[in-house]
Amino acid sequence: MAMCTLASARARDGALYSERRSPSQLSHPPPELFWSAATESIPRNLAAARGIEYMRACALLSVAAIQNGQIRDMHQYLGKYHTLNIMEGLYDEKSWPKDLSAVEVEVRRRLFWSMYTLDVYSATVWGGMVRFREIQSNVRYPREVNDDVLDFDNSAQISAISTTPASNSYEPSVWMRGWNFTTDLYRILEHAIDGQRRTLRVENESPWSLFRPDPVPGHLIMKHVQAMFSALPSQLQTTRPVTGDPEHDIVGFQSANIQATLQLLNMVLSPNEDQGIEEKCEVAENVLSVFTKVPIEYLKAISSPLVGYGSTSASNGVRTHPLHWRRRTTQNTG
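Just so it is clear, the structure is predicted and the values come from calculations on it, not from any experiment. (Residues numbered from 1 in each chain as written. Predicted model: local features only at pLDDT ≥ 70, side-chain atom pairs only at ≥ 80, totals over all residues. Heavy atoms only, no water.)

## As for the overall build of the protein chain
Of regular secondary structure, the protein chain possesses 16 helices and zero strands. Taking all 334 residues of the protein chain together, 45% fall into the buried category. Of the roughly 17600 Å² of accessible surface on the protein chain, 54% is carried by carbon and sulfur atoms. (Helix = DSSP H or I, 4+ residues; strand = E, 2+ residues; numbered from the N terminus. Buried < 20%, exposed > 50% of the residue type's maximum accessible area, 1.4 Å probe, protein only. Areas by Shrake-Rupley, 256 points an atom, 1.4 Å probe, with all protein chains shown as cover.)

Set out below in structure tokens:
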């Protein structure tokens, strides 16, 4: 039901990349009905919510809450997810059941890192806390293979300790390569937030300097990130038009997601630099330039995450596209 909630809300908002179905065809039942059924299925006593499915439900409901502009609901279900994460030991592969199949292992890895990125994203956009630090986890990245390979569950062909295929008989998954790269960006973003907030502290001095050297300048971090980006497969460096073929379009969507995350990281790092109004305007121009090149279908599919650019750029004294401000205002009234 949680998946239906999110899918229905996205269809309502026009996030359909294919013309095979129209929003009106998918408007009944409404997303509110799915939301009620999904939320009622989660026990009030979280100690009784055993197993990964409850974590997945809370994860999907937190994303659906963003789609609906209900940020307090997002925090509620993101918090429940983190509680279950600790109780079930999702953050440490050593505590996972020993008899998991290859698919079950990958589901857990994808869930953990997906929710890590959402946690960092929510802290960036709405000024909250990063609830779970990347250094506190012991979960490998998902393997960069296509899902049909996992169905074979052949440990001799797919190494359990590697994200890439151990045998040349399988082509690496381009979209999963992009997925893991986006996670890399959010791990960098987590520490960029630390650096930004450190400069804003005026009281309650932190022992930060005892454990970390002076932060690396933002422009040097972005130079390193650009080098990482240049090493990606070419399909992920340019967002191609939507074709209606899921195998093609999932890579295009991942490329658009990478571009959005790169711009978010760049804007978070910018306030740490000694910038004048011209430099800040250049950051805003780069954002607009990037998104004018992304097909509208992908922008609709990731429209809710884009609202974050309004609040982030506001701290820079930069005005972003009116669409971002309009959606941000709508969310604040929810």
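## What about the packing of aromatic side chains?
By the definition in use, this model includes eight aromatic pairs. Between Trp 35 and Tyr 77 the ring centres are 5.7 Å apart and the planes differ by 85°, which places this aromatic pair in the edge-to-face class. Pair noted here: Trp 35 is in helix H2 (residues 31–40) and Tyr 77 is in helix H4 (residues 71–88), with a separation of 42 residues, a long-range link. Across the pair, exposure class does not vary: Trp 35 and Tyr 77 are buried alike. With centroids separated by 5.7 Å and ring planes inclined at 45°, the aromatic side chains of Tyr 91 and Phe 132 adopt a geometry described as tilted. Within this pair, whereas Tyr 91 is found in the loop between H4 and helix H5 (102–126), its partner Phe 132 is found in the loop between H5 and helix H6 (147–150), the two being separated by 41 residues in sequence. (Phe/Tyr/Trp six-rings, centres within 6.5 Å; stacked < 30°, edge-to-face > 60°.)

## As for the nonpolar core
Counting 63 residues, the largest nonpolar core has Tyr 81, Leu 111, Leu 189 and Leu 265 as the members making the most contacts within it. Of all the secondary-structure elements, those providing two or more residues to this core are helix H1 (2–12), H2, helix H3 (52–67), H4, H5, helix H7 (174–200), helix H9 (218–230) and helix H11 (246–269). Ignoring anything within four residues of it in the chain, the contact list for Leu 111 reads Ile 52, Met 55, Arg 56, Ala 59, Tyr 81 and Leu 90. Grouped together as the second largest cluster of nonpolar side chains are nine residues, Met 267, Val 283, Val 287 and Tyr 298 included. (Core = buried A, V, L, I, M, F, W, Y, C linked by side-chain atoms within 4.5 Å. Contact = heavy atoms within 4.5 Å.)

## Re the side chain of Ser 173
Structurally, Ser 173 can be placed in the loop between H6 and H7. Owing to a relative accessible area of 1%, Ser 173 belongs among the buried residues under this scheme.

## So, H9
In this model H9 runs 18 Å from its N-terminal to its C-terminal C-alpha over 13 residues, within 8% of the 18 Å that 1.5 Å per residue would give. Where H9 is concerned, the buried positions are Gly 218, Met 222, Val 225, Met 228 and Phe 229. Buried residues of H9 fall within an arc of 110° about the axis and therefore sit on the same side. For H9, the exposed residues lying more than 90 degrees away from the buried face are Lys 223, His 224 and Ser 230. (Expected span 1.5 Å × (residues − 1). Arc of directions from axis to C-beta.)

## Some words on the pattern of salt bridges
Scanning the model with the defined rule gives eleven salt bridges in all. The closest approach of N and O atoms between Asp 194 and Arg 133, which form a salt bridge, is 2.3 Å. One end of the pair, Asp 194, is in helix H7; the other, Arg 133, is in the loop between H5 and H6, with 61 residues separating them in the sequence. Salt bridges sharing partners connect three or more residues here, namely Glu 93, Glu 106, Arg 109, Arg 140 and Arg 143. (Salt bridge = Lys/Arg side-chain N within 4 Å of Asp/Glu carboxyl O.)

## Some details on the confidence of the model for the protein chain
Parts of the model with low pLDDT should not have their predicted coordinates read in detail. In the predicted model, the protein chain carries a mean pLDDT of 78, and 75% of its residues have values of at least 70. The weakest mean pLDDT in the protein chain belongs to helix H16 (residues 322–332) at 31; the strongest belongs to H4 at 94. For the stretch residues 154–160, pLDDT sits under 50, and the model shows twelve contacts to residues farther than four places along the chain or on other chains. (pLDDT = per-residue confidence, 0-100.)

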